[in-house]
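# Survey of secondary and tertiary structure
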Amino acid sequence: MNLFKPNTAELQEKINVLKKQKNAVILAHYYQEAEIQQIADFVGDSLELAKKAAETEADIIVFAGVHFMAETAKILNPSRKVLLPDLQAGCSLADSCPPDTFGELKSRYPDHVVVTYINCSAEIKALSDIVCTSSNAEKVINSIPEEKEIIFAPDKNLGKYLIEKTGREMLLWDGACIVHEAFSLEKLIALHKKNPQAEIIAHPESETHILKLASYIGSTSGMLNYVKNSSKSSFIVATEAGILYEMQKDVPNKELIAAPAKEDNSCACSECAFMKMNTLEKLYMCLDDEFPEILLGNDLMEQAHKPIKRMMELSQ
């Protein structure tokens, strides 16, 4: 993780000046590069960022994350300008659930309650009854009357985990996040043997065989809080490696090890290529140019807002 790129401090200062001039706020996900997290007004997971987006009084929201997150911010703030540093910063999980195909599935099960993970497009949210994040998914499922059947999309791994946690049978969409399916079971076992003092913690988007090895399973914010409050001093962290920056800030004296990916890459970890498409330079340019902007139709925003609002009310 390179924290000392040339002109980083200068660019950050320019961004700070622009933020004040334009009454802008920068929201960043934990998976962003460290230099973007440093300049953000708020860093969080999907639920925390959604709440901050709903609360902001800024004229411009710069969302340092991926496309569906910026869409959510726009849905919650239809009258505000929402910018994304790189419009190509998508999401493999969101892409795995095309609206047309999902709409066909929903039409075959008209009496099912449709619960969708926030990692989906605005069009999928508009087809949903309630949205959830990994932080509140269990609470959302438990809020649905037991006699009601459920469709859960798009993440099958999170869905399987929720079935086990809640005891509710659900019809699962066959989608997954390539970042959380990149972990190598064999390498993880070998790493743990070399570091037996380390506790394995994992995000519920990971595959079942990875979750079975974990002492703690939770959202990005849940994992941060767990490590901060744990008496343990060493952890193997199975989620996108960007979380390690914020986590190490919270626990400077604890050992954090990224869970290994199947691919032999330079970081020996799992990184989201989409998240890393945003750079400090792109963030500066998008705030300066006020482009690329997230634009959604009013009808779509109105429909997509309903299930998000239900989630927010449940999360209060």
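For the structure, check the block above.
This structure is a prediction, so every number in the text was calculated from the model and none was measured.

## Topic: the sheet that holds strand β4 (residues 81-83)
Across the sheet, which stays open at both edges, the 4 strands sit in the order β2-β1-β3-β4 with parallel pairing between neighbours. Of all strands in the sheet, those with a lone pairing partner are β2 (42-44) and β4, marking the two edges. Neighbour to neighbour, the strand axes of the sheet diverge by 20° on average, direction disregarded. Strand contacts of helix α3 (residues 46-55): β1 (24-29), β2 and β3 (60-64), with the helix running at about 145° to β2, the strand carrying the most contacts.

## Quick word on the sheet that holds strand β11 (residues 234-238)
Pairing is parallel across the open sheet formed by 4 strands, whose spatial order is β10-β9-β11-β12. Edge positions in the open sheet fall to β10 (216-217) and β12 (255-258), since each of these has one partner strand only. Sheet topology note: the β11/β12 ladder contains 4 bridges and is parallel. Residue pairing across strands places Phe235 opposite Leu256, the latter belonging to β12. Sheet strands in contact with helix α12 (residues 220-229) are β9 (199-202), β10, β11 and β12, and its direction is about 160° off that of β9.

## Thoughts on the packing of aromatic side chains
Going through the model one piece at a time under the given rule, you end up with 3 aromatic pairs. Judged by centre distance (5.6 Å) and plane angle (75°), the ring pair of Phe102 and Trp173 falls under edge-to-face. Placement of Phe102 in helix α6 (residues 99-108) and of Trp173 in the loop between β8 (170-172) and α10 (185-194) is noted, with a sequence separation of 71 residues between them. A relative accessible area of 12% means that Trp173 is categorised as buried. When the centroid spacing of 4.4 Å and the interplanar angle of 10° are considered together, the rings of Tyr216 and Tyr226 count as stacked.

## Looking at helix α1 (residues 8-22)
Between its first and last C-alpha atoms α1 spans 21 Å; for 15 residues at 1.5 Å apiece the expected length is 21 Å, and the two agree. Looking at the buried positions of α1, the neighbouring elements they touch are β1, α2 (34-39), β3 and α14 (280-289). Phi turns positive, to about 50°, at Asn23, one or two residues after α1.

## Focus on the environment of Met311
Inspection of the secondary structure assignment puts Met311 in helix α15 (residues 298-314). Its relative accessible area of 0% is what places Met311 among the buried residues. A C-alpha to C-alpha distance of 9.6 Å links Met311 and Asp129, two positions 182 residues apart in sequence. When residues no more than four places from it in sequence are discounted, the contact partners of Met311 are Leu47, Ile118, Ile130, Val131, Cys132, Thr133 and Asn136.

Reading guide: rules and limits
Residues numbered from 1 in each chain as written. Predicted model: local features only at pLDDT ≥ 70, side-chain atom pairs only at ≥ 80, totals over all residues. Heavy atoms only, no water. Pairing = 2+ DSSP bridges. Helix = DSSP H or I, 4+ residues; strand = E, 2+ residues; numbered from the N terminus. Axes fitted to C-alpha atoms, helices over the stretch in contact; angles between N-to-C directions. Contact = heavy atoms within 4.5 Å. Phe/Tyr/Trp six-rings, centres within 6.5 Å; stacked < 30°, edge-to-face > 60°. Buried < 20%, exposed > 50% of the residue type's maximum accessible area, 1.4 Å probe, protein only. Expected span 1.5 Å × (residues − 1).

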